[in-house]
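Notes for the structure review
Given next are the chains, with one letter for each unit.
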There are 2 protein chains.
Amino acid sequence: MKIYGGIEAGGTKFVCMLGTDPDHVLAEERFPTTTPAETLGRAIEFFQRAAQGHKLIAIGIGSFGPVDLHAESPTYGYITTTPKPGWAQTDLCGMLHQALQVPIAFDTDVNAAAFGEHTWLPENRALDPLLYLTVGTGIGLGAIVNGQPLHGLLHPEAGHMLLPHDRTVDPFEGDCPFHGDCWEGLASGPAVEKRWNRRGETLPPDHPAWQLEARYIAYAVANLIYAFSPQRIVLGGGVMQQAGLLDRVRHEVQRIINGYLQSDRITRDIDQLIVAPGLGNRSGVLGAIALAIQTAR
Amino acid sequence: MKIYGGIEAGGTKFVCMLGTDPDHVLAEERFPTTTPAETLGRAIEFFQRAAQGHKLIAIGIGSFGPVDLHAESPTYGYITTTPKPGWAQTDLCGMLHQALQVPIAFDTDVNAAAFGEHTWLPENRALDPLLYLTVGTGIGLGAIVNGQPLHGLLHPEAGHMLLPHDRTVDPFEGDCPFHGDCWEGLASGPAVEKRWNRRGETLPPDHPAWQLEARYIAYAVANLIYAFSPQRIVLGGGVMQQAGLLDRVRHEVQRIINGYLQSDRITRDIDQLIVAPGLGNRSGVLGAIALAIQTAR
């Protein structure tokens, strides 16, 4: 039987999967991200073991970044300038291809997640652009536009967008080492922890932290609505697990846009525009499988 | 001979053109935008007269908005909710099709301009995404992504992005009727005039207005770089005619991104990333011709 592999290569954990679609998953494994040699060794071992008796056609990878997505570049398929110890200039695609001898599809973790939500959920297939945002340790954007993941010069880095920041309301200076109070500097998980001196999960739902968090996310989401005119925005990541936050973001987006965009999906059915991931925490790895299938066509 | 028509339908003037490409323009006419009946009447008359002896294959329109771009919508091809007197709910495509009996391609003025810069300039063809921004009476974004103009739920309205606005430096409250100090509310031609109590053209090049203007445009351009990772950004529109402004914007973009994006096109060759329109003030109408050619294929 023909099968495909998917890897969600995250900064803290790797997820490996073997299968053909969300309803036909043969094997799945999660393990912590340690050194490149050890972590990729475990991934290679997983595929060698789990694929026995099947024909492994291709593997897709959705990786933490920054990554090189230019097919013609000498460092295509690399994780490039990451500050993560040991991982800078890691030839992810090359190492996997050498060990497993199958075509490797490669994209960012967030583009893979966007492609997964786009490919595997019938209700999403006609919704273009589709944006996938993760708000967690970092903030990232993946996008499907005119049917394909968005690459360009590098790849989207929307976590670093500059937003209104009223220091009379929120004097926190932000914690992005490059930009201070960019979106990620104000609203990532570590930024929330630094501002309130405790981890976000321990802040009660009625704490003012969440209204402020909803506002920053909503400024960015409104900007992305103005820029892309998306038909669906999927909000994933650890911070979005907070009860009630998704609804607060929807409400703030409506308040910010203030009736300017006359579309039912904004003024009335915003719960259809801004949604939680339909694939739960498997958007990335299932998207990697979708990338593998596409590359084998 | 087979020829194509292009219309740049602007809020203050219409530009009509007949030809096959930038080097083969048979006829061109510019006239003020008055009532829909009179203005479209002049456009129809132009094509009927100028196309005599040729085979007119199709017409492309790049229009001021908001417009309806959904092919399956009952108001496809309409200018929709514009505040411009007499123009709300105008069936632009229908009126032209009825009079001229050729296929009509339809898009926003800025998407047409982006498509023109993408199609007709060989150096731009491989540059994707390509963004076209106009900074003038209004601020608008057109985008070519994965080879095609960006549409989505409505169409991009990036002029209304929310940006950092330090009121201790610039107490101007902004003049957008919906959002106050959104990008357009701070940086459009009318906003500049309102803040300084004189028209922008009369402000000398060393006036502090221009450094402030460059900063707001650069915040927005940086956000669009983070969102789209474009390979080219074309900055057009009346305000960008100001001597030295383009260079100030480039410099401010570098300052804002602060080395975070490691690409030569940002850190070193930003004059290759952020450029003036290669087609001058004909990007829109030549883009409309390119849309006509595409629709006839």
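A short tour of the structure in this document, coming up. Everything numeric in this text was worked out from a predicted model, so none of it was measured. (Residues numbered from 1 in each chain as written. Chains lettered and ligands numbered in written order. Predicted model: local features only at pLDDT ≥ 70, side-chain atom pairs only at ≥ 80, totals over all residues. Heavy atoms only, no water.)

A tally of regular secondary structure across chain A gives 10 helices and 12 strands. In terms of overall dimensions, chain A is globule-like: its C-alpha atoms have a radius of gyration of 19 Å, near the 19 Å expected for 297 residues. The 297 residues of chain A split such that 59% are buried. Partitioning the intrachain contacts of chain A with sequence separation of at least 6 by distance along the chain shows that 62% fall at a separation of at least 24. Taken as a whole, chain A presents about 11600 Å² of accessible surface, with 51% of it coming from carbon and sulfur. In chain A, 22 positive and 31 negative side-chain charges are present, and the distance between their average locations comes to 4 Å. (Helix = DSSP H or I, 4+ residues; strand = E, 2+ residues; numbered from the N terminus. Rg over C-alpha atoms; globule rule 2.2 N^0.38 Å. Buried < 20%, exposed > 50% of the residue type's maximum accessible area, 1.4 Å probe, protein only. Contact = heavy atoms within 4.5 Å. Areas by Shrake-Rupley, 256 points an atom, 1.4 Å probe, with all protein chains shown as cover. Lys, Arg positive; Asp, Glu negative; His and termini not counted. Charge placed at Lys NZ, Arg CZ, Asp CG, Glu CD.)

Our next topic: the interface of chain A and chain B. With 43 residues of chain A at the contact, the number on the chain B side is 43 residues. Between chain A and chain B, roughly 3600 Å² of surface is buried when both sides are summed, and carbon and sulfur atoms account for 65% of that area. The interface formed by chain A and chain B contains 0 salt bridges. Linking chain A with chain B are 26 residue pairs in polar contact (both at pLDDT 80 or more), by the criterion used here. The set of elements that each furnish at least two residues to the side of chain A that touches chain B consists of β9 (139-145), β10 (148-149), α6 (208-228), α7 (245-257) and α8 (264-267) of chain A. (Buried area = accessible area lost by both parts, 1.4 Å probe. Salt bridge = Lys/Arg side-chain N within 4 Å of Asp/Glu carboxyl O. Polar contact = N/O pair within 3.5 Å; in protein donor to acceptor, adjacent residues only side chain to side chain.)

Time to look at the sheet that holds strand β10 (residues 148-149) of chain B. Residues and elements named next belong to chain B. Spatially, the 5 strands line up as an open sheet ordered β10-β9-β8-β11-β12, and their pairing is mixed. Two strands lie at the open edges of the sheet, namely β10 and β12 (274-275), each paired on one side alone. Alignment of strand β8 (residues 130-135) against strand β11 (residues 232-236), held across 5 bridges, turns out to be parallel. Residue pairing for β11: threonine 134 is matched across the bridge by glycine 236. Sheet contacts for helix α3 (residues 109-120): β8, β9 (139-145), β10 and β11; angle to β9, the most-contacted strand, approximately 45 degrees. (Pairing = 2+ DSSP bridges. Axes fitted to C-alpha atoms, helices over the stretch in contact; angles between N-to-C directions.)

Here we take up the pairing of strand β1 (residues 2-9) of chain A. Residues and elements named next belong to chain A. Most of β1 sits inside the fold, with 7 of its 8 residues counted as buried. Summarising the sheet, β1 and strand β4 (residues 55-63) pair through 8 bridges and their orientation is parallel. Bridge pairing links alanine 9 to serine 63 in β4. Summarising the sheet, β1 and strand β2 (residues 13-21) pair through 6 bridges and their orientation is antiparallel.

A separate point is the sheet that holds strand β2 (residues 13-21) of chain B. Backbone hydrogen bonds hold the strands of a sheet together, and the pairing may be parallel or antiparallel. Residue and element names in this part refer to chain B. Pairing within the open sheet is mixed, and its 5 strands lie in the order β3-β2-β1-β4-β7. Of all the strands in the sheet, just β3 (24-32) and β7 (104-108) have a single pairing partner and so form its edges. Direction aside, neighbouring strands of the sheet carry axes that sit 15 degrees apart on average. Contacts from helix α10 (residues 283-296) reach β1 (2-9), β2, β4 (55-63) and β7, with the element oriented near 130 degrees to β1.

Before going further, it helps to spend a moment on the packing of aromatic side chains. Residue and element names in this part refer to chain B. Scanning the entire structure with this criterion turns up 13 aromatic pairs over all chains. Ring centres of tyrosine 76 and phenylalanine 106 lie 6.2 Å apart, and the angle between their planes is 80 degrees; this geometry places the pair in the edge-to-face category. One end of the pair, tyrosine 76, is in the loop between β4 and β5 (78-79); the other, phenylalanine 106, is in strand β7, with 30 residues separating them in the sequence. (Phe/Tyr/Trp six-rings, centres within 6.5 Å; stacked < 30°, edge-to-face > 60°.)

This next bit is on the relation of the copies chain A and chain B. By a simple turn and slide, chain A fits onto chain B: the slide is 0.0 Å along the axis, the RMSD is 0.0 Å, and the turn is 180 degrees. In short, the pair behaves as if placed about a two-fold rotation axis. Minimal C-alpha distance to the rotation axis in chain A is attained by A:Pro164, lying at 2.1 Å. Both copies present the same face, since 100% of the interface residues in chain A are matched by interface residues at the equivalent positions in chain B. (Least-squares fit on C-alpha atoms with pLDDT ≥ 70 in both.)

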